[in-house]
Amino acid sequence: EENMMVGGGGEAEEAGPSSARYHYRVGMFLDVLDTVGKWCEAEVLEVDHHAHKITITYLYWSEKFDEQLPFDSPRIAPFKTHTYHGDLSQLKVTD
């Protein structure tokens, strides 16, 4: 669903800045491994092409947990690859 590439996957790299293979944009969603080892949903707030970093905010978390990560961080994965997005139609709410 998201149109992005995160990492090179081992194929030959072309010459030039390493950020060329990362296609981050403001507002895109990612899975990000938080600082205690749990995969969480996050949104890109800022893309810094000069520093090769993105600023992310974890969905449903306070902005005090926002952080910058390098483009090639192993803590970044495509959205919905590590977070649960099951069929909520089967969810039942009880008293």
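Structural data are supplied above this passage.
What counts and how
For every chain, the first residue of its written sequence is number 1, and the numbers climb from 1 along that sequence. Given that the model is predicted, a residue must reach a pLDDT of at least 70 before its local features are reported, and side-chain atom pairs must reach 80 or more before they are shown or counted; all residues, however, enter totals for whole chains, interfaces and linings. With hydrogens and water set aside, each side-chain value is computed from the structure's full complement of heavy atoms. Going along the chain from the N terminus, every DSSP run of H or I of four or more residues is numbered as a helix, and every run of E of two or more is numbered as a strand. Pairs of N or O atoms within 3.5 Å make up the polar contacts considered here, provided that, within protein, one atom can donate a hydrogen while the other can accept it, and that residues adjacent in sequence are counted only when both atoms are side-chain atoms. Exposure classes here rest on a 1.4 Å probe applied to the protein chains alone. A residue is buried below 20% of its type maximum, exposed above 50%, and partly exposed in between. Here a strand pair is declared whenever DSSP counts at least two bridges between the two strands. Lines fitted to C-alpha atoms define the axes, with helix axes restricted to the stretch in contact, and inter-axis angles between N-to-C directions lie between 0 and 180 degrees.

S.K.: Any chance you could explain the environment of Tyr24 here in plain terms?
M.R.: Tracing the chain through its elements places Tyr24 in the segment before β1 (29–33). Through-space distance from the C-alpha of Tyr24 to that of Phe71 is 8.3 Å; in sequence the pair is 47 residues apart. Within polar-contact distance, the side chain of Tyr24 engages the backbone oxygen of Phe71 at 2.7 Å.

S.K.: Before we go on, may I ask you to explain the side chain of Glu67 in this structure?
M.R.: As for its position among the elements, Glu67 is in strand β4 (residues 67–70). A relative accessible area of 17% places Glu67 in the buried class.

S.K.: Sorry, what's going on with the sheet that holds β4 here?
M.R.: Overall, antiparallel pairing links the five strands, which are arranged β4-β3-β2-β1-β5 in an open sheet. The open sheet terminates on both sides in strands that have one partner only, identified here as β4 and β5 (76–78). Direction aside, neighbouring strands of the sheet carry axes that sit 50° apart on average. Sheet analysis places β1 next to strand β2 (residues 39–48), joined by five bridges and oriented antiparallel.

Read these as layout, nothing more, since geometry by itself doesn't imply function.
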